[in-house]
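Here is how the chains run, residue by residue.
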Amino acid sequence: MYKKIRVKRGDCPEAFFKIGDYAFEKVDEQCKSTEVYKYQFQIEMSIKSEIDVRLWIEDIISQVKFLTIAPEELRKYIQLFEENINPNEECLFHDFRTRFIDFVVIKYEVNKEMKEDIFLYGYSMDEKYVYIVVKAFSLITLSEVYTCIIKNCLAQDLKFILDEDIRWIRLNSYKVKDDMQMPSAQDKEFLKKTLVPTNFDTFYKIFRQVDAEGFLSKKLYHEYLYRDGKPLKQVSKFFSPYWKLSSSMPEKTKNILYLHDEVPEDEHIDSYVYAFKPGLMKYYLQNWFEDFTLRVVQDMDWGSYSVVHSMKGCRFNFFNNDDENNVREIDLIIEIQKNNCSKIIAIECKKTLSRKEIQMTNKKSKEKVLESGNNIFDAFIHIGCFKGDVEFDIPFNGTREKYKQGIINAESDSYDAPFYAFTIKSIGDYQKKIFYIIEEIFKNW
Amino acid sequence: MRKKITANDCKAMFNDRFNSLSSKELGIELKHFAMGTAPESPSFLVNQDELKKIIIEKLCNFFDENKSQGLEIVFLKSNYGNGKSHFIRTIYTFLNEYENVIAKIVSLKQEETDLKKRILESVSQKRIMECANYIVESVQEEVISDESIAVVNMIVEKYEIGIKLARLLYEIARGESVERKIQAIAILKGNYEVDYIKKFDLQKHDLNNDFYYNVIRIILYYFQQRDLYLVVVFDEYEHVCLWKDSRARNSMYEDIKLFSDNIRKLENMFMVFAESDSVDNTLEFKDDPAFMSRKASMTYEISDLSSETEVDRLFKMILKRYEKYYNLALDRYVDDIKEMINEDPLIGGKTNYRAYTQATMRVLDFYRNKPPKLKKKNNAKILKQNIEREAEDVNFENKWLCATSISKKTILCDVIKQGIEQVGGRVLSIARKQGKIEVEINNDTRIIFVISTDIPSTKDLDKRMDSFVSESMQEDVLYPYFDECKNLKYENVTFYDSDTVIKMERNLNTKDQIYESYENFLKGLDIRSKNVQEN
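The shown structure was predicted, so the numbers you read here are calculated from the model rather than taken from an experiment.

Our focus in this paragraph is the overall build of chain A. What chain A contains, in helices and strands, is 11 helices and 24 strands. For 445 residues, the compact-globule estimate of 2.2 N^0.38 gives 22 Å, and the C-alpha radius of gyration of chain A, at 28 Å, exceeds that figure by more than 25%. By principal-axis analysis of the C-alpha atoms, chain A measures approximately 90 × 55 × 45 Å. Split into buried and exposed, the 445 residues of chain A put 50% on the buried side. In chain A, of all internal contacts separated by at least 6 residues, the share reaching a separation of at least 24 is 66%.

In this section: the confidence of the model for chain B. Should the pLDDT be low somewhere, the predicted coordinates at that spot are not to be read in detail. Overall, the prediction assigns chain B a mean pLDDT of 86, with 91% of residues at 70 or greater. Model confidence for chain B, summarised as mean pLDDT per element, is weakest for helix α17 (residues 381–402) of chain B at 62 and strongest for helix α7 (residues 163–174) of chain B at 96.

A separate point is the packing of helix α15 (residues 334–343) of chain B against helix α16 (residues 353–369) of chain B. All names here are of chain B. Two elements in contact, α15 and α16, have axes whose closest approach is 9 Å; the angle formed by their N-to-C orientations is 130°. As summarised for this structure, α15 and α16 are arranged oblique, according to the angle between their axes. The interaxial crossing formed by α15 with α16 has right-handed handedness. Along the contact surface, α15 presents Asp336, Ile337, Met340, Ile341 and Asn342, while α16 presents Tyr356, Ala359, Thr360, Val363, Leu364, Phe366 and Tyr367.

Time to look at the nonpolar core. Core analysis: the biggest nonpolar cluster contains 120 residues, and A:Trp288 and A:Phe292 have the highest contact counts within it. Those residues in contact with A:Trp288, other than ones at most four positions away along the chain, are A:Phe190, A:Leu191, A:Thr194, A:Phe200, A:Phe207, A:Tyr283, A:Lys351 and A:Cys385. Of all hydrophobic cores here, the second largest spans 76 residues; its members include B:Val106, B:Val178, B:Tyr222 and B:Ala248.

The next thing to look at is helix α4 (residues 166–173) of chain A. Residue and element names in this part refer to chain A. Burial within α4 is extensive, with 6 of its 8 residues counted as buried. Taken as a whole, α4 has its buried residues at Ile166, Arg167, Trp168, Ile169, Arg170 and Leu171. In this fold, the buried residues of α4 make contact with β4 (37–44), α3 (139–155), β11 (175–176), β18 (306–317), β19 (327–338) and β20 (341–353). Looking at where α4 begins, the residue whose side-chain oxygen comes 3.0 Å from the main-chain nitrogen of arginine 167 is aspartate 165.

Residue-level contacts link 30 residues of chain A with 27 residues of chain B. Note on chain A versus chain B: buried area summed over both sides is about 2,400 Å², and carbon and sulfur give 59% of it. Applying the counting rule to chain A against chain B returns 2 salt bridges. Here A:Asp416 ties to B:Lys31 by a salt bridge, and the two come within 3.9 Å at their closest N and O atoms. Where chain A meets chain B, there are 11 residue pairs in polar contact (both at pLDDT 80 or more). Secondary structure elements with two or more residues in the side of chain A that touches chain B: α1 (50–60), α3 and α11 (427–444) of chain A. If you tally residues by element for the side of chain A that touches chain B, the top one is α1(A), at 8 residues.

What follows concerns the sheet that holds β20(A). All names here are of chain A. In spatial order, the strands read β11-β18-β19-β20-β21-β24-β23-β22; together these 8 strands make up an open sheet with mixed pairing. One side of each edge strand has no neighbouring strand; the edge strands of this open sheet are β11 and β22 (394–395). Both β22 and strand β23 (residues 402–408) contribute to a ladder of 2 bridges, which runs antiparallel. Each bridged residue has a counterpart across the sheet, and for isoleucine 394 the counterpart in β23 is tyrosine 403. Against the sheet, α4 touches β11, β18, β19 and β20, its axis set at about 25° to β18.

Residues and elements named next belong to chain B. For lysine 257, the position within the fold is in helix α11 (residues 246–261). Given the relative accessible area of 13%, lysine 257 is considered buried. Contact partners of lysine 257, with chain neighbours within four places excluded, come to Asp288, Phe291 and Arg294.

Moving on to the pairing of strand β1 (residues 72–78) of chain B. Residue and element names in this part refer to chain B. Burial analysis of β1 places 7 of its 7 residues in the buried class, the great majority of the element. Residues Glu72, Val74, Leu76 and Ser78 of β1 are buried on one face, and the alternating residues Ile73, Phe75 and Lys77, pointing to the opposite face, are buried as well. Of the pairings in the sheet, the one linking β1 to strand β4 (residues 269–276) comprises 7 bridges and is parallel in character. When the bridges of β4 are listed, serine 78 appears paired with serine 276. Bridge analysis of β1 against strand β5 (residues 299–302) gives 4 bridges, and the strand direction is parallel. Across the sheet, serine 78 pairs through a bridge with isoleucine 302, a residue of β5.

So, how was this worked out
- Residues numbered from 1 in each chain as written.
- Chains lettered and ligands numbered in written order.
- Predicted model: local features only at pLDDT ≥ 70, side-chain atom pairs only at ≥ 80, totals over all residues.
- Heavy atoms only, no water.
- Helix = DSSP H or I, 4+ residues; strand = E, 2+ residues; numbered from the N terminus.
- Rg over C-alpha atoms; globule rule 2.2 N^0.38 Å.
- Buried < 20%, exposed > 50% of the residue type's maximum accessible area, 1.4 Å probe, protein only.
- Contact = heavy atoms within 4.5 Å.
- pLDDT = per-residue confidence, 0-100.
- Axes fitted to C-alpha atoms, helices over the stretch in contact; angles between N-to-C directions.
- Parallel < 35°, antiparallel > 145°, perpendicular 65-115°, else oblique.
- Left-handed = near helix turned anticlockwise from the far one by under 90°.
- Core = buried A, V, L, I, M, F, W, Y, C linked by side-chain atoms within 4.5 Å.
- Polar contact = N/O pair within 3.5 Å; in protein donor to acceptor, adjacent residues only side chain to side chain.
- Buried area = accessible area lost by both parts, 1.4 Å probe.
- Salt bridge = Lys/Arg side-chain N within 4 Å of Asp/Glu carboxyl O.
- Pairing = 2+ DSSP bridges.

Encoded structure:
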């Protein structure tokens, strides 16, 4: 049976390894175990002796205590505690793959209270690098160690290579497990065609009409989907004609849309309209704009920036508890990096961006993200395909286009976060605007 | 990459960093103001102009090898909410940006803390190892033999330290066992396990005060050679007076005296002791009167917002940050906002930094969320001012008459402070809760004890007068008037009552009567003088 590690403080007769006040025991998979977070750093630093690596960490993290007198060789612990174990069990030492190990207790302040926690600090050195592997049993502790190491490397101008941004790991830990909905082949094809800039201009006009009425009139269909007398098949293939009939009832006249994909035989009849093919409408309304945004962000030229991570349509519980009321779905999350600085941004994609929509989403971000005390987003962006009643007031420099910027205030002692909002007109317009906003976020936040 | 500090850099320590602040930094600072906590990295400091000058001068000299006098010790004293944390964090944040300054804030809350060990807590093991390497290297060329005994003896001779400390330094630098090196470092830092000392043939009494004094001396010598500086801010010094163990208290005073006697030998260290006036520190005086007099010369007061100009500067600093953060302009509401801040219950007669920052944030939030209509200004401005003045008079009178005896003591301290400044004196320290004000008038230092009690009596006054015996300073006592007081012969006691206090407050604020001397000011508060005039 697969066994996992549980870390306890104080007495623990079942422990396979004890150090200081900390005991490590193996528990069955279905029992509550401790989440183990392993993180690797490679730092360009010429250190020859293990004592120097220990003293380096003591120098940069002010409140640490080592639980062994001197650094120890890792192999001693593997031999003593993990030589004859089931390879399927979770290991404590085996996966360090470093020469030395230290057991460190760190003290730090979290939510105005002092917390004490253990982490394992493995390291090896060669002529050019120090390789550090940290194993922590809470993400907050790992974040604390990570922050101290990175801060020091930046201050000392030491080059380093990392696994990934610790905040991204934290973000994943708040994720609520959901079944992923896979787009159909038609959905994928539709998305692909909308990403062609010339097609998008046509789609944009059609979408506006579909959003307003649910369908495209025969007249507009011909106006938008024919160029030089030839149909634009890349676009038109996603639409089907339907009968639109008026039925006179005693009280009032009702329009009825007959959903069937029979091609009208009589071309002179004007009472048919065009709408998305069955199945596509759902994708268009629920997922298309998020997917489209993700692809625009992934495919565009970011210059000195790079998109290092993205995540779409996930639900999170930043309070890290079982309360379903705390769950918040975020359309799209991206992590963008420039030099050694990275920003994690939550993006809300709305077909029509209204004032109320922004207010509602900000309220949810405040209540379910900021007030949790675990916000990891540097900014929130609302992007609309079409503009509703929202007033944009800040110009994108050098253009007549405008956007909105404000602050989502946290009521508790958590920090505020900024939000930005804008709408798009074309793919080029989208790329320019999102680039501009990201630059603003890097500059100010 | 951080740079090395120069003496000139310190001049920018208290500069307003508004233009270099990102929106994120603005948001964090404003959040702290709203919560009433000191920002981690304050970007401005509006008041304390005198103290800022003193600290800048001291630090400029400290970092200038031609002007440095060696160790610097400064005591900063502040009343609750006056911005002590804000002040020390400004210094700490600024110095922390330089690669050759080791700046630490150490809390003195714990009981029986040994000052030397708290200093050594601020020095990392890595630095101690580097120091040991340096010391051993420095004698290497001078010794005839490479043998450890020769090196150790040379360290003893050259650095005038004990052989036991020299052996430990040698072990750290040249020892072969990593374990022993770490144990030796732990002994030098004072955080060793009991069994370590046996391994180095040491006895507990070997690690005495002299030993640790020399450890600090040798580390600071190394710092000097490497152009490194240690700045330790000991926060919450007031807790020392609350330590139950008198030996621990006395050891702390002895250490401070020892350090201040050896400033030349302890270069490159700057110690700041930050102290709140919330605790009765008479024990400190009883424990060691000599220390108290020495401490007084090193103590500087973090004053509250002492003038309308300072309050206005604070308001403007917060306002411009707020406007930039929220991208809005509130200039047309400024008068109304200020009026509302002054009416805020948080202010209520207090002049402390925290009350103003919190009230300002509250009012600014109100104006941002629901900007009210602008108030119509009364053309007859003077009339309005008079009405306000009268209202304030009534407010003060009400406040005094409704105040408890403890609040009366605080109110009276503020009235005295205002009076002292009017007569050209200087308030050196003010402990409102204790009712103790240290002032300088015509180059003389005096202590004014303010007593407020609901049941004044001869017996109570006699008892208190016995406890106020100071050999070095002149004392004045303010005591509530009671009938029998006419028969008493205390020359330095001023008997006040509600009428004299209310009248004095009005005179000081309207300047209807200017007090030219300290004696006249005290007479103004004394009910007996009033009776003489009336008769």
